[in-house]
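Secondary and tertiary structure notes
Listed here are the chains, written in short residue letters.
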Amino acid sequence: MRNLAIDAWSGSDTARACSNDPNEEGIPCFHHEGELFSTTVDDVLKHVGRWLTDPETQNEVLLIWIEDTFGSDHSRTLFFNEFVQYIDKDYPDTSKPLTGDLIFGPALKQAFFPSQWPTPRQLVAMGKRVIVSVKHSSHYTSISAGGQQVSQLVFSESEVDKPGWPNNGKFTGYYACSYEGNASALGLDWTEFSELKITDHFELPQPALAWNELDVAGAVACGFSVTLDHVEADPDREAENGYNYYNSTMGPAIWSFSEGEPNNTGGTEHCAELMAGTGRWNDLACDVTRKYACRKTSSTEYGPNSPYDSTFWHVTSASGNWWGGLTACPAGYSFLPPVNGWEAKKLANIISGTENSVWINFTDRYQEGTWVIDGYNNWGIGEPNNSGGNEHCVEMTPTGTWNDTPCSDIRRHACERLEACASGACPAKWVLSPVGSWWWQNCPVGYTFSAPENPTENAELFAVAGGERVWLNRSNNVSGGRWAPGAYTAWDSTEPNNFNGNEHCAAMIADGTWWDQTCGTTHKRACRKANTACTTSGCPSNLWALSSFPGAWDPSTSGGTCPTGYEFKAPRNEAENTALMNTAAGQQVWLNYADLGHEGTWSSWGVN
């Protein structure tokens, strides 16, 4: 995720230009207090628009912080009618409506992520790669831009980044946080901060305004990600007083890979280690021997009012190659990497004096340059190897190891019981489906297409398979090269076909199969009862309902709502698909499944 902090001004209530630019009367512009320059909106946003439409940035998300100082609704209207034109997937093609369709706003969050923020990966899949923050979205309730109410395009600053105003004017960091033995204030006269939100926002104040300089290294070591209002990327640039911009700002804001890493020396470095002392990362050949860093899975809360859990990290006594970490961690822990500078620092402290480095779960062994957290697997020797260039789905072999093979092969599927069963006469945990290709996931009612998550489950499934080759729910076709589970689908044999190049939303037709259709088509929506699923006894009769009246696919823009207690969803297995077909009773209905982000990359919006 990238961050862009900008100051937007318009002068007086009559929307005069910035105070230093009297010749640009009536045009809002970007300007910073204390600076002797200003820049028109288009001079800055044309670069943003080009970046957003650059083919190389299509998997990146941009968070734009607008410190808006507009004195009138007229100024706000001028600004946002220009702003949305650049934040659009069709920019700079002015022959098409430029309405800001890349923006993820409050209506979408309420509809699909009411209790949490989406991940960057989810935003990319939605085709909504920009989040906009202003001081107060309530100032925009009467303003429209691109045919939409601006208050539905922007979040208030307090919704994205919770402001913190310590009584003493200084921020002292996390509970018991210290940096290089110094537990005092981090040196801020003014700051905003939040923990475990989208990001944390710091401005690097100007000495000319008599503000204190931010101790960036201290902030990062205390767990904050840092957004700098002034940043210099040139390591050699120094101020007249010897102040090195890079070493004081951008350099220490990076807490993961060391400078110059990952460098894939010799073409064999595809796994990450964390080094003692610095807590920074290095890429290394995966067959080197290291101990493993295991992160506690039941306790991840820490912050200003929560003490650090001293058992948060566990380093194994055993050592081995990198992939041994996938099964090396004790109960209650998982092989995972740090997620911020605070966690990296704590792990480095644990190993300091005993180990030079430890393995962390971060790898690009599947695709050079694409670093991911890996999950449990039991690959056979030399696998996955993509023999023939078309092996994108995973099977369990007659020996219990995993192998990549063409998805069109015919196998039975590994089906895992959905319902919990702690004791008594429990239905079988694993059963096998009728034969079919990897995509045809016809598990019996109460079961879903799955894959083992640990060695115990792998052994259980191996016993059920009885020497047969069995499909596992892992493919590298579904998640940007990562071996990941695929969602259930029931596409008709000729679908999805993106007829006329504009069919990006999924609908169920009368026979229960799925078609891709133009998202503006009008249907009712499939609404699944919250926290409800089919069991081995069958599907509840009230599992599905339909929205109150038809509308376009996106429920945040038009159409009826789901009944209370129901949510816009898609079937997760064959039993749910059959139940929905019966509820729809011949009607075509929208499913929460779309490829609006990238053609051919289908996913649900929110958690399905």
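Residues numbered from 1 in each chain as written. Predicted model: local features only at pLDDT ≥ 70, side-chain atom pairs only at ≥ 80, totals over all residues. Heavy atoms only, no water.

As for the overall build of the protein
A tally of regular secondary structure across the protein gives eleven helices and 26 strands. For the protein, the proportion of its 608 residues judged to be buried stands at 49%. Considering only residue pairs separated by 6 or more positions, the protein has 62% of its internal contacts joining residues 24 or more positions apart. Accessible surface computed for the protein: about 27200 Å², of which carbon and sulfur atoms make up 49%. (Helix = DSSP H or I, 4+ residues; strand = E, 2+ residues; numbered from the N terminus. Buried < 20%, exposed > 50% of the residue type's maximum accessible area, 1.4 Å probe, protein only. Contact = heavy atoms within 4.5 Å. Areas by Shrake-Rupley, 256 points an atom, 1.4 Å probe, with all protein chains shown as cover.)

A short note on the pairing of strand S15 (residues 393–396)
Alternating residues of S15 divide into Cys393 and Glu395 and Val394 and Met396, and every residue in both groups is buried. Judged from the four bridges that link them, S15 and strand S16 (residues 402–405) form a sheet pairing that is antiparallel. Across the sheet, glutamate 395 pairs through a bridge with asparagine 403, a residue of S16. Between S15 and S16, which pair antiparallel and follow one another directly, the connecting turn spans five residues, one of which, glycine 400, has a positive phi of 90 degrees. In this sheet, strand S20 (residues 470–475) lies alongside S15 in antiparallel orientation, the contact comprising four bridges. Residue pairing across strands places valine 394 opposite leucine 472, the latter belonging to S20. (Pairing = 2+ DSSP bridges.)

Brief notes about unusual backbone geometry
Residues glutamate 383 and proline 384 are joined by a peptide bond in cis, for which omega reads -5 degrees. Cis geometry is found at the peptide bond from glutamate 495 to proline 496, where omega equals -10 degrees. Of note in this structure, asparagine 264 is not a glycine but carries a positive phi near 50 degrees. Positionally, asparagine 264 belongs in the loop between helix H8 (250–253) and strand S9 (269–275). With phi around 50 degrees, asparagine 386 is a residue other than glycine that occupies positive phi space. Position of asparagine 386 relative to the elements: it lies in the loop between strand S14 (357–363) and S15. A residue is classified by how much of its surface remains accessible, and asparagine 386, at 30% relative accessible area, is partly exposed.

Topic: the nonpolar core
Judged by nonpolar contacts, the single largest core of 28 residues is most densely connected at Ile64, Ile66, Phe79, Phe80, Phe83, Ile87 and Val130. Contributions of two or more residues to this core are made by strand S1 (2–9), helix H1 (41–53), strand S4 (62–69), helix H2 (73–86) and strand S5 (130–134). Here this core takes five residues from H2, the largest share from any one element. Filtering out sequence-adjacent residues up to four positions away, isoleucine 64 remains in contact with Leu4, Ile6, Phe83, Ile87, Val130, Ile131, Val132 and Ser133. By size, the runner-up hydrophobic cluster in this structure holds 22 residues, among which are Val61, Phe112, Leu123 and Phe155. (Core = buried A, V, L, I, M, F, W, Y, C linked by side-chain atoms within 4.5 Å.)

Comments concerning the confidence of the model for the protein
Averaged over every residue, the pLDDT of the protein is 83; residues scoring 70 or more account for 81%. Contacts of residues 12–26 to residues separated by more than four positions or lying in other chains number 31 contacts, the stretch itself having pLDDT below 50. This stretch, residues 162–175, has a pLDDT under 50; its non-local contacts, to residues over four places away or in other chains, come to 40 contacts. (pLDDT = per-residue confidence, 0-100.)

Side note on the pattern of salt bridges
Pairing between side chains of opposite charge can happen when the charged atoms of each approach one another. The tally for this structure, following the rule as stated, stands at 18 salt bridges. The residue arginine 295 makes a salt bridge to glutamate 343 at a minimum N-O spacing of 3.4 Å. Taken together, the residues span a long stretch of sequence, with arginine 295 in strand S11 (residues 290–296) and glutamate 343 in helix H9 (residues 341–351) at a distance of 48 residues. We note that arginine 295, like glutamate 343, is buried. Across the pair arginine 474 and glutamate 453 runs a salt bridge whose closest N-O atoms are separated by 3.1 Å. One end of the pair, arginine 474, is in strand S20; the other, glutamate 453, is in the loop between strand S19 (447–449) and helix H10 (455–465), with 21 residues separating them in the sequence. Look at arginine 474 and you get buried, because its relative accessible area is 10%. For glutamate 453, a relative accessible area of 48% corresponds to the partly exposed category. When salt bridges that share partners are traced, they join Glu395, Asp409, Arg411 and Arg469 into one network. (Salt bridge = Lys/Arg side-chain N within 4 Å of Asp/Glu carboxyl O.)

Some words on the packing of aromatic side chains
Overall, the coordinates contain 32 aromatic pairs when judged by the stated rule. On the basis of an interplanar angle of 15 degrees and a centroid distance of 6.4 Å, the ring pair of phenylalanine 112 and tryptophan 553 is categorised as stacked. Note that phenylalanine 112 is positioned in helix H3 (residues 106–112) and tryptophan 553 in the loop between strand S24 (544–546) and strand S25 (566–568), a separation of 441 residues in sequence. Given a relative accessible area of 1%, tryptophan 553 falls into the buried group. Ring plane angle 65 degrees and centroid distance 5.6 Å describe the contact between tryptophan 553 and phenylalanine 568, whose orientation is recorded as edge-to-face. Here the residue tryptophan 553 occupies a position in the loop between S24 and S25, and phenylalanine 568 occupies one in strand S25, the gap between them amounting to 15 residues. (Phe/Tyr/Trp six-rings, centres within 6.5 Å; stacked < 30°, edge-to-face > 60°.)

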